[in-house]
Amino acid sequence: MYKLIFTESYEKRVRAFLKKHGNLKNQYEKTLQLLELNPYHPSLRLHKFSELFSVSINMQYRIAIDFQINEKEIIPIDVGSHKTIYKN
């Protein structure tokens, strides 16, 4: 099992995201649960971009993560639309 580590800056971003997209709260929470259990699950569509990785909440929204395989740690960095996540 992997461990999710939430930073203050990420928690601030996710609060703003869920305030704007409250209808995605259940999908977001299910994504986090699956991420902890099996980040390689096909429905997450895990892939690398730049120095980070991305997983899908749904086809429109993503979570950018720092995925440290050796430590079995996952640090969410950002959450948002495809355009928001891939801007960098």
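Figured I'd write up the structure that's included with this text. (Residues numbered from 1 in each chain as written. Predicted model: local features only at pLDDT ≥ 70, side-chain atom pairs only at ≥ 80, totals over all residues. Heavy atoms only, no water.)

Focus on unusual backbone geometry
It is generally the case that most residues other than glycine have a negative phi and that most peptide bonds are trans.
Okay, so step 1: Unlike most non-glycine residues, Arg45 shows phi in positive territory, near 55°.
Okay, so step 2: Along the chain, the position of Arg45 falls in the loop between α2 (25-37) and β2 (47-49).
Okay, so step 3: Taking the relative accessible area as the measure of exposure, Arg45 reaches 35% and is therefore partly exposed.
Okay, so step 4: Notably, Ser50 is not glycine yet its phi reads approximately 55°, a positive angle.
Okay, so step 5: Residue class for Ser50 comes out exposed when judged on its relative accessible area of 55%. (Helix = DSSP H or I, 4+ residues; strand = E, 2+ residues; numbered from the N terminus. Buried < 20%, exposed > 50% of the residue type's maximum accessible area, 1.4 Å probe, protein only.)

Description of the pattern of salt bridges
Okay, so step 1: As enumerated under the stated definition, the model contains 2 salt bridges in all.
Okay, so step 2: One salt bridge connects Arg13 with Asp78, and the closest N-O pair in it is separated by 3.8 Å. In this pair, Arg13 sits in helix α1 (residues 8-20) while Asp78 sits in strand β5 (residues 73-81), placing the two residues 65 residues apart along the sequence.
Okay, so step 3: For Arg13, a relative accessible area of 38% translates into the label partly exposed.
Okay, so step 4: Judged by relative accessible area, Asp78 falls into the buried class, the value being 14%. (Salt bridge = Lys/Arg side-chain N within 4 Å of Asp/Glu carboxyl O.)

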